[in-house]
Amino acid sequence: MNQKVYRSIEIANQLNLVRYERVKSLLSPIQQQLFDIIPYLIHHHNVQLPGSNSALTPFGISQFDMTPAMEQARHSLHLPSLDLQAAQPSAFEGVYSMGSTASFGQNPKSDVDVWLVYKSSLSHADLALVTEKTDQLTQWFASFDFEVNFYLVHPLQFRECSAFDNCYSSLGEEHSGSTQHWLLLEEFYRSHIRLSGKAAGWWPGADADNEVLFLGDVQSMPATEYFGASLWQLYKGLNKPHKALLKVLLLETYAAEYPQANFITQQIWQQCLQGDFTESNDAYLILYQRIEAYLLGRRDTRRLEIVRRCFYLKCGVNLTNRCVARDWRRDKMQQLVEDWGWPHSLLETLDNSQHWHSGQLKWFNKQLNELLLISYRTLLDFASKQALSDRFRVEELGILARKLHTYFSDDEHQLLPLNKLWSSSIIEPNLTIIHSLKESRFYLYRQPHNSGQLLGESAIIKADTPTALIAWAVMNDISTADTQWQEYGRSKHRKARLTQLALSLNPLMTATSKVSKAELCQPFFYKKIIVVANLDKDPTIKWQGQEIMIDYMNSNVFSLGKKQQNMLSTIDIICLNSWGEWQCHRFKGPLGLLEALSFVAIGLKCKPEQVEINIVACAQRLKKQLHDALQGIFSQCVKYCYEARTFSGLMHPLQLGGHRYGLYFNPMGLVYNLLGDDAVKAGPIKVQRFKKPQLNAPAAIIKADPYGGIPNVIKLYISKGAKQYFLRQRPDVLDVFIIDEANELKHQLYENMSMQELVEKESHSFAFEQGVSSQHYFNMPQFFKLERINGELNVVPFGVMINELSSDF
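Caption draft 1: Summary view of the confidence of the model for the chain. Mean pLDDT over the chain stands at 85; residues scoring 70 or higher make up 87%. Counted against residues more than four places away or in other chains, residues 162-166, with its pLDDT under 50, gives 8 contacts. Counting contacts from residues 678-704, a segment whose pLDDT is below 50, to residues more than four positions away or on other chains yields 45 contacts.

Right, dumping it as structure tokens:
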């Protein structure tokens, strides 16, 4: 080892020791022991240790050293003392923590991310066993309320990954896949702590050396990586937007300096060379200072103020609590707050963030989302001048974009989740709805309308209907079984009806729904449908008949008595689809039920048992009758939509008010039309298969089928609202069927172009060429392959391995 390398390792070890002491100073005694024991559990593998899964699981760390702290942790945690056999080859080059650990960004709720850099000789089977072990270790640490996440890293993953088939982790909840590469390595270099094994060569000019682990030179970072990394950070921001905002703005700062980017890694090293190992030479603090300088240079004080709050909250240094334990960051943070000119009231609000109510959370989330999208558009514009990196998998772009679309959607019918951030509970005992006649919209407030405080607060949210407000509050755990609802200026009866609706929705909307990659790669289908009937303008109030006679006569509540009165007024459809989106739509008027059925039918191409139908009848009278009738017709709709996949067509007659309608089911959904007196004979309602449409059949059935020339299997995948490509490779040409967002069909043939080339071309065009003003930049096209499997033509999501499809995302 030459003198220069030796000196660099010496400096790196000094910084490593400082960081190790800092991280432990912010942990509780039990957490300190758990942190110390991490390398011991990787170096050893034994049935007496947590994580034991197989005698074949690789273990052992190069240059492992049993430290006194590790021995103390082993003893305190009552783990056995083990000696590694000399003949046992080590499986790992080193074990390292990375991220906010030991930095200003470490707070009491921070997790620990651990990189396990394994030997390149390990096989897929070896890695599978290691992954199984680390999953068990994560669960073991979690039993102590200590979150530790492990990531397997190939030693050549960043330098020449294309030469190895086990370098990439597929995109997942905690794995960024191909979306970021060098930027991930740069974060590792600037923040890592070596827990055991070889020193990582992260300093400028480092190279491969027997004594040093060299993962790559971050200076070779391509400009296009900023786009993939920004997408990944937006996705991570769905859970922790304050943390994601800081990282996305750092990307924006780096991009503004490109190609002369001076990475934080370089700055930390330069300060180390000058002997600066103080809190000023901290990765997270420098990250903030870089962003601050960038925003001040742009005179963007609005974004800077939100960034400062995010930085303060991420650090978790409670300056208003004088009783907290000594924190090495406290004096520096106090100095920053004074420089920012923050009033004491703002500090109290931020330090009380675990008790923020829904109104405060809604405001802060709105600011975070707006700033995240501003940065994303800036990086999108920067990346649009480049070609997508050949390392970037466009299919992962589609999955990420689809997931982001479910959160950043501009669809006014979507019920967006409220990120609770740090709040332990956002339950409200009283919620009030106010109807604005001028805007014809409804607003939700936190207090009872007679509390005298209503005028001093802003509305939490607004919507077109009271049902949407109640569903949103229930979905986000703001309204519970004890919450009292009321509408300003309305009667006690209205209060009881709204409160009862909230109670009914509570058990139906609280369960979380996992979303798999397979579901994000395919058209949505409805998993749950909640039908809310007669919340407004309830006609049953004026009905004078006897309810027992309705059951006795088997009467139709949609066409009741001699006057053929329809006892159904408004219908609200609250639905959860397979992309994890909740939506609320209202249908009213004489054709409300038919429009509701047509709307639901679009997403009912799945098996009937996959769809849960729930009816909530808010009527004052005929509640049971309306419930049963709606349960029947919607359940039949689910059944017939599925049967229409294989039949040429199905027709179902329905009496609604004074008219009789035919419901026509086909692979595309449902259309309806008035029936003549002779079209369907009177008698029991039954399903009728039709081969030739009658003269009074819907126009959509009478005219030539615009999809007649496409393979039938495609019809089952067409989904309104998303652009879809169906690709079939023929011997001399690429056959492409394109369905746009409005379900318009195009058929094109491409010569001298592969599927991969077409997908990359269209993805790049959609991502970069629509302009930053587009409101739908996350609504990426979906790509499918048409393949024959056992003689039958099948639709397969493009680019996603079968073994990846079942994983949650």
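Caption draft 2: The arrangement of the pattern of salt bridges in detail. The final tally for this structure, using the stated rule, is 28 salt bridges. Between Arg329 and Asp327 there is a salt bridge; the shortest N-O distance is 2.8 Å. Assigned by exposure class, Arg329 and Asp327 land together as buried. Salt bridges sharing partners connect three or more residues here, namely Glu487, Arg490, Arg494, Asp536, Asp572 and Arg586.

Caption draft 3: Seen up close, the sheet that holds strand β9 (residues 441-445). Reading across from one edge, β10-β9-β8-β11 is the order of the 4 strands in this open sheet, with mixed pairing throughout. Edge positions in the open sheet fall to β10 (461-463) and β11 (484-487), since each of these has one partner strand only. Here the average twist between neighbouring strands, direction ignored, is 25°. Of the strands in this sheet, β8 (430-436), β9, β10 and β11 are in contact with helix α15 (residues 466-475), which crosses β9 at around 30°. Sitting on the sheet, helix α16 (residues 492-509) touches β8 and β11, and the angle it makes with β11 is about 135°.

Caption draft 4: How the structure looks around the side chain of Thr101. Mapped onto the secondary structure, Thr101 falls in the loop between β1 (92-98) and β2 (112-118). Classification of Thr101 by relative accessible area gives buried; the value is 6%. Those residues in contact with Thr101, other than ones at most four positions away along the chain, are Val23, Phe35, Gln106, Asp111, Val112, Ser191 and Ile193.

Caption draft 5: Here's a closer look at the pairing of β2. Most of β2 is tucked away: 7 of the 7 residues are buried. A two-sided burial pattern is seen for β2, the buried positions comprising Val112, Val114, Leu116 and Tyr118 on one face and Asp113, Trp115 and Val117 on the other. When β1 meets β2, the two strands line up antiparallel, connected through 6 bridges. Paired with Tyr96 across the bridge in β2 is Trp115. Relative to strand β3 (residues 148-153), β2 runs parallel, the two sharing 6 bridges. Paired with Leu116 across the bridge in β3 is Leu152. Handedness of the β2-helix α4 (residues 124-142)-β3 crossover: right-handed.

What counts and what doesn't
Residues numbered from 1 in each chain as written. Predicted model: local features only at pLDDT ≥ 70, side-chain atom pairs only at ≥ 80, totals over all residues. Heavy atoms only, no water. pLDDT = per-residue confidence, 0-100. Contact = heavy atoms within 4.5 Å. Salt bridge = Lys/Arg side-chain N within 4 Å of Asp/Glu carboxyl O. Buried < 20%, exposed > 50% of the residue type's maximum accessible area, 1.4 Å probe, protein only. Pairing = 2+ DSSP bridges. Helix = DSSP H or I, 4+ residues; strand = E, 2+ residues; numbered from the N terminus. Axes fitted to C-alpha atoms, helices over the stretch in contact; angles between N-to-C directions. Right-handed = clockwise from strand over helix to strand, strands pointing away.

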